[in-house]
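Structural characterization, general
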Number of protein chains: 2
Amino acid sequence: MSLVVVGSVAYDGVETPHGKVDRMLGGAATYIALAAAYFTEVKLVGIVGEDFAQEDVDLLASRQIDLAGLDRVPGKTFFWAGVYSHDMNERTTLQTDLNVFAGFDPKLPDAYRSASYLLLGNIQPALQKSVRSQMNGVKFVGGDTMNYWIKDYRGELLETLKEWDFLLINDSEARMLSGEHNLRRAAARIMEMGPRTLVVKRGEFGAILFTPEFHFMAPGYLLEDVFDPTGAGDSFAGGFIGYLAGRAAGSIDLEALRRAVIYGSVMGSFCCEKFGVDRFRTLTHEEIEARYQEFKTCTSF
Amino acid sequence: MSLVVVGSVAYDGVETPHGKVDRMLGGAATYIALAAAYFTEVKLVGIVGEDFAQEDVDLLASRQIDLAGLDRVPGKTFFWAGVYSHDMNERTTLQTDLNVFAGFDPKLPDAYRSASYLLLGNIQPALQKSVRSQMNGVKFVGGDTMNYWIKDYRGELLETLKEWDFLLINDSEARMLSGEHNLRRAAARIMEMGPRTLVVKRGEFGAILFTPEFHFMAPGYLLEDVFDPTGAGDSFAGGFIGYLAGRAAGSIDLEALRRAVIYGSVMGSFCCEKFGVDRFRTLTHEEIEARYQEFKTCTSF
């Protein structure tokens, strides 16, 4: 079934202990779409400026990602630059130029409105809500948010979450949103806000899926080299929702959700192996399946 | 098969956000022995002072723990006091009185020397080596160490590790010992030092078992309330080695090692549910098996 992905399409400048790239394709929606496209048909909604390169359009199009919803407007594409600490557990933002992204007010093309799955990347909660309302009969909707919206747009965010089926956030965001330090209690609080499926991402320590019925814990894949963690969380989201919309053929039962978390972890782990989206230029379905099996071997007893 | 456990037997003063206890039974060997005794026959080696209470002797004896190797000498028992941070991720030591533990020079009773399993708690590496040499035909030997020995007694520690089959340490110790930040590479280095089985404990994030052939990742159990994390790592060690020596009936194949890590996690998680060793006063075999099954449910896909 088809999946609508909404969020930032950007250029990033990234420095890690393994090197430095001044400008490369980035943005949450880009990572989500590229990861999800391995599993299902993706329709992208975003905004870019006149500087958005044809080769980047070509990469997305080569994955059969529908770009009817990618607005190109006068001005420059969103640019972000950051540097990672030596152990890559901390990231410092050096530059954020919203550029055309400041005026992002997503309007879905008609052909998008009947999609069954909707993933809302980390944008202003009111915009996420507006996109949700443009969909007809969506089956499974949710997305991401961040500390800024949780703190300063709490009311708006809570209104938005009421209509979501799932939420994917990291552990510190889960604690901030719920006001609970303990993750199990934090999850219980958040599930009362709307989303009955919650995925708490814990970076190198993996992810936990919570539903009112059970929880499921996936370890983080042990990489020998993390080249660039940028986009890993978004690639996780893409693998998670892409698997559900595509390979799981519309099933969102507990078994499908477990497998979706593992596919999310698989895609997040591959993302870190090269700079930016580079790993997705060469990643094959066979590699994805092999790593999925590796997760099974590393966790079953 | 029987297991010899060597290490500190102490009194602890502990303050956590859930309360404060001025003086209670503690020490690495105490936790290890109490946890392991659920699975196998334990022979304890330690030293206590004249103040060591009969009720604490009785608790250990009630678990059929052999106390022939528990020396009682003039003076006071080792005392440690510490306070945990609000999120319990940090611990500050307030007081360390080694007392009689300063003169600890373990001599194994004759009846201990033919045991098949030996777990050396965190004591000076030369003492660990001396105990190892007192054993005849031990089958599986290993233990714990800490940053102090890794930094200031490195040569001595490396000599000791050469004769070990397994090592249980936490992630920061693994990084310090190997000089590698990446855990996969850190593990490879450490396995070259002697122990072919390495368990890296990651606190609330679980544990990873490494052997030259494979690795296995166990999540941390999601507790709703962590009352007191003191002794959790030692209880993990006790569950791990106790299962191997007892329930696994001498098998140390890859399947047994995986299950041992889960039993370690089970025992570590129970330890945190009450202050000090209190949870082990009431813990039943049925509760242990139920939590083991819960680990399966939370991780299988």
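Residues numbered from 1 in each chain as written. Chains lettered and ligands numbered in written order. Predicted model: local features only at pLDDT ≥ 70, side-chain atom pairs only at ≥ 80, totals over all residues. Heavy atoms only, no water.

A closer look at the overall build of chain A
Basically, it comes down to this: Secondary structure elements follow DSSP: runs of H or I no shorter than four residues count as helices, runs of E no shorter than two count as strands, and numbering proceeds from the N terminus. Put simply, the radius of gyration uses C-alpha atoms, and a globule should come to 2.2 Å times the residue count raised to 0.38. Burial classification: accessible surface area is computed with a 1.4 Å probe over protein chains only, and a residue below 20% of its type maximum counts as buried, one above 50% as exposed, and the rest as partly exposed. Contacts are residue-level and defined by heavy atoms, with any inter-residue pair within 4.5 Å sufficient. All accessibility values rest on the Shrake-Rupley procedure with a 1.4 Å probe; residue burial counts only the protein chains present in the view. Residues counted as positive are Lys and Arg, residues counted as negative are Asp and Glu, and His and the chain ends are not counted. By convention, charge coordinates are those of NZ in Lys, CZ in Arg, CG in Asp, or CD in Glu.
Helix and strand content of chain A: 11 helices and 13 strands. In terms of overall dimensions, chain A is globule-like: its C-alpha atoms have a radius of gyration of 18 Å, near the 19 Å expected for 301 residues. Oriented by its inertia axes, the alpha-carbon framework of chain A measures out at about 50 × 45 × 35 Å. The burial tally for chain A puts 59% of its 301 residues in the buried class. Here the analysis covers contacts within chain A between residues at least 6 apart in sequence; of these, 64% occur between residues at least 24 apart. For chain A, the exposed surface amounts to about 11,500 Å²; the carbon and sulfur share of it is 49%. Each charge sign in chain A was given a centre, from 30 positive and 40 negative side chains, and these centres are 5 Å apart.

Describing the packing of aromatic side chains
This is how it is decided: Two aromatic rings from Phe, Tyr or Trp, using only the six-membered ring of Trp, form a pair when their centres are within 6.5 Å; if the ring planes differ by under 30 degrees the pair is stacked, by over 60 it is edge-to-face, and anything between is tilted. Note on criteria: charge over ring means Lys NZ or Arg CZ within 6 Å of the ring centre, with the direction from the centre no more than 35 degrees off the ring normal.
What the rule picks out here adds up to 33 aromatic pairs over all chains. Judged by centre distance (5.0 Å) and plane angle (5 degrees), the ring pair of Phe78(A) and Phe101(A) falls under stacked. Remark: Phe101(A) occurs in the loop between strand E7 (91–97) and strand E8 (117–120) and Phe78(A) occurs in the loop between strand E5 (66–72) and strand E6 (79–84); sequence separation between them is 23 residues. Here Phe78(A) matches Phe101(A) in class, with each residue buried. With centroids separated by 5.4 Å and ring planes inclined at 25 degrees, the aromatic side chains of Phe101(B) and Phe104(B) adopt a geometry described as stacked. Of the two residues, Phe101(B) and Phe104(B), both sit in the buried class. An aromatic cluster is present here, built from Phe39(A), Phe216(A), Tyr243(A), Tyr263(A), Tyr292(A) and Phe301(B) joined pairwise through their rings. The ring of Phe270(A) is capped by Arg291(A), whose NZ or CZ atom sits 3.9 Å from the centre of that ring.

Focus on the relation of the copies chain A and chain B
Two copies of the chain are present, and they differ by a rotation about an axis and a shift along that axis. Convention followed: Our superposition of the copies is a least-squares fit, built on the C-alpha atoms of residues whose pLDDT is at least 70 in both.
Least-squares fitting of chain A to chain B yields an RMSD of 0.0 Å, with the superposition described by an axial translation of 0.0 Å and a rotation of 180 degrees. Seen this way, the second copy is the image of the first under a two-fold rotation axis. A symmetric contact is evident, with 100% of the interface residues of chain A recurring at the interface of chain B.

Regarding helix H7 (residues 183–192) of chain A
All names here are of chain A. The cut-off we apply is this: This arc is taken over the directions from the axis of the helix to the C-beta atoms. Side-chain atoms alone can form a polar contact between residues adjacent in sequence; in general such a contact is a pair of N or O atoms within 3.5 Å, and within protein one must be able to donate a hydrogen while the other accepts it.
Listed as buried for H7 are Leu183, Ala186, Ala187, Ile190 and Met191. The buried residues of H7 occupy an angular sector of 130 degrees when projected down its axis, which confines them to one face. Along its buried surface, H7 packs onto strand E10 (166–170), helix H6 (171–178), strand E11 (197–201) and strand E12 (207–210). The residue sitting at the N-terminus of H7 and contributing the capping side-chain oxygen is asparagine 182; that oxygen lies 3.0 Å from the backbone nitrogen of arginine 184. Just beyond H7, the residue with positive phi is glycine 194, at close to 150 degrees.

Let's talk about the interface of chain A and chain B
Inclusion rule: Throughout, buried area stands for the accessible area (probe radius 1.4 Å) lost by two parts on being put together, summed over both. The term salt bridge refers to a side-chain nitrogen of Lys or Arg lying within 4 Å of a carboxyl oxygen of Asp or Glu.
The interface of chain A with chain B comprises 32 residues on the first partner and 32 residues on the second. Interface area for chain A against chain B, summed over the two sides, is near 3,200 Å², with a carbon-plus-sulfur share of 56%. Interface area lost by chain A to chain B is led by Arg184(A), Leu222(A) and Phe301(A), which between them contribute 27%. There are four salt bridges connecting chain A and chain B. Asp225(B) is paired through a salt bridge with Arg185(A); the nearest N and O atoms lie 2.9 Å apart. Broken down by secondary-structure element, the contributors of at least two residues to the side of chain A that touches chain B are H7, E12, strand E13 (215–218), helix H9 (254–271) and helix H11 (285–299) of chain A. Per-element accounting of the side of chain A that touches chain B gives the leading share, seven residues, to H11(A).

Focus: the packing of helix H6 (residues 171–178) of chain B against helix H7 (residues 183–192) of chain B
Residues and elements named next belong to chain B. The following threshold applies: Comment: axis = line fitted to C-alpha atoms, over the contacting stretch for helices; angle = value between 0 and 180 degrees taken between N-to-C directions. Here is the rule for angles: anything less than 35 degrees is roughly parallel, anything more than 145 is roughly antiparallel, 65 through 115 is roughly perpendicular, and the remaining ranges are oblique. Handedness of a crossing is defined here by the sense of rotation of the near helix relative to the far one, left-handed for an anticlockwise turn of less than a right angle and right-handed for a clockwise turn. The classification used treats Ala, Val, Leu, Ile, Met, Phe, Trp, Tyr, Cys and Pro as nonpolar, Asp, Glu, Lys and Arg as charged, and all other residues, Gly among them, as polar.
Contact geometry for H6 and H7: axes closest at 9 Å, N-to-C directions at 60 degrees. By the angle class used here, H6 and H7 are oblique. Once H6 is placed against H7, the crossing between them reads as left-handed. Between H6, through Asp171, Ala174, Arg175, Leu177 and Ser178, and H7, the contact on the second element is made entirely by Leu183, Ala186, Arg189 and Ile190. Broken down by class, the residue content of the contact of H6 with H7 amounts to five nonpolar, one polar and three charged.

Focus: the pairing of strand E13 (residues 215–218) of chain B
All names here are of chain B. Applied cut-off: The criterion for strand pairing is that DSSP finds at least two bridges linking the strands in question.
The alternating pattern of E13 places His215 and Met217 on one face and Phe216 and Ala218 on the opposite face, and all of these are buried. The sheet contact formed by strand E12 (residues 207–210) and E13 spans four bridges and is antiparallel. Counterpart to alanine 207 in the pairing with E13 is alanine 218. Where E12 folds back onto E13 in an antiparallel hairpin, the turn is made up of four residues.

So, the sheet that holds strand E2 (residues 10–16) of chain B
All names here are of chain B. The strand order E3-E2-E6-E7 describes an open sheet built from four strands, whose pairing is mixed. A strand with exactly one partner marks an edge of an open sheet, and here the two such strands are strand E3 (19–26) and strand E7 (91–97). Along the sheet, successive strands turn relative to each other by an average axial angle of 15 degrees, direction set aside. Pairing of strand E6 (residues 79–84) with E7, which is carried by six bridges, proceeds in the antiparallel orientation. Bridging across to E7, glycine 82 finds its partner in threonine 93.

Focus on the pattern of salt bridges
Taken as a whole, this structure holds 35 salt bridges over all chains when the rule is applied. Between Arg279(B) and Glu273(B) there is a salt bridge whose closest N-O contact spans 2.9 Å. For the pair Arg279(B) and Glu273(B), a shared accessibility class is recorded, and that class is buried. Through salt bridges with shared partners, a single ionic network connects Glu180(A), Arg185(A), Arg189(A) and Asp225(B).

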